[in-house]
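# Observations on the three-dimensional arrangement
As a plain string of letters, each chain reads:
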Amino acid sequence: MRRTRIERGLSQKMLGDILGCSQQMIAQYENEKRTPKYETVVRFAEALDVDIDYLIDAPFSFKEPDGSISLSGSLSADDDSNITLPLKRNLEKIYNELTPEGKRKITEYAKDIRKIPEYVKEED
């Protein structure tokens, strides 16, 4: 989050003002002294204009709104199990915003991607 904030030319105070929280809170998140809730990570992603999955790969963890699932950053290349829920939510959100024609198109694209070996999981 820090790297992206700096790339966007934002100070901690500026980001805090955008999100409606203090500079100290931003510093605590960046220094892993506080764990943001899922909704907060979503707001960070929107404020920094990045996909939530980009922030999930950052070195911090957060909890789902109901507290039932804890997700962590620093993912290994072959383990995507801890990002499945956010990815599904993001895909579902995008899919639900599409027209019926858009939904048909995205399904076609997904089928095409499955034909590319590097994008398909190997069977266990």
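Residues numbered from 1 in each chain as written. Predicted model: local features only at pLDDT ≥ 70, side-chain atom pairs only at ≥ 80, totals over all residues. Heavy atoms only, no water.

Let's shift gears to the side chain of glutamine 12. For glutamine 12, the location among the structural elements is in helix α2 (residues 12-19). There is a polar contact of 2.9 Å between the side chain of glutamine 12 and the side chain of glutamate 30. Sequence-distant contacts of glutamine 12, defined by excluding residues within four places in its chain, comprise Arg5, Gln23, Ile26, Ala27 and Glu30. (Helix = DSSP H or I, 4+ residues; strand = E, 2+ residues; numbered from the N terminus. Polar contact = N/O pair within 3.5 Å; in protein donor to acceptor, adjacent residues only side chain to side chain. Contact = heavy atoms within 4.5 Å.)

What follows deals with the packing of α2 against helix α3 (residues 23-30). Relative orientation of the contacting elements α2 and α3 amounts to 105°, with a least axis distance of 8 Å. With respect to each other, α2 and α3 are oriented roughly perpendicular. Where α2 abuts α3, its residues Gln12, Lys13, Leu15, Gly16 and Leu19 lie against Gln23, Ile26, Ala27 and Glu30. Per-class residue counts for the contact of α2 with α3 are four nonpolar, three polar and two charged. (Axes fitted to C-alpha atoms, helices over the stretch in contact; angles between N-to-C directions. Parallel < 35°, antiparallel > 145°, perpendicular 65-115°, else oblique. Nonpolar A, V, L, I, M, F, W, Y, C, P; charged D, E, K, R; others polar.)

Residues Met1, Leu15, Ile26, Phe44, Leu48 and Leu55 are the most contacted members of the largest nonpolar core, which totals 14 residues. Elements with a contribution of two residues or more to this core: α2, α3, α4 (38-48) and α5 (52-56). If you tally residues by element for this core, the top one is α4, at five residues. Ignoring any residue separated from it by four or fewer positions in sequence, one finds leucine 48 in contact with Met1, Thr4, Arg5, Arg8, Leu10, Leu15 and Leu55. (Core = buried A, V, L, I, M, F, W, Y, C linked by side-chain atoms within 4.5 Å. Buried < 20%, exposed > 50% of the residue type's maximum accessible area, 1.4 Å probe, protein only.)

This next bit is on the confidence of the model for the protein. The pLDDT averaged across the protein works out to 75; a share of 72% of its residues lies at or above 70. Segment residues 58-82: pLDDT under 50, and 51 contacts once partners within four positions in sequence are set aside and those in other chains are kept. (pLDDT = per-residue confidence, 0-100.)

Nonpolar side chains collect at one region of the surface, where Ile94, Tyr95, Ile106 and Tyr109 lie side by side and expose about 350 Å² of accessible area between them. Elements that contribute at least two residues to the nonpolar patch include exactly α6 (84-96) and α7 (100-113). (Patch = residues over 30% accessible without salt bridge, like charges linked within 9 Å, V, L, I, M, F, W, Y side chains within 5 Å. Areas by Shrake-Rupley, 256 points an atom, 1.4 Å probe, with all protein chains shown as cover. Salt bridge = Lys/Arg side-chain N within 4 Å of Asp/Glu carboxyl O.)

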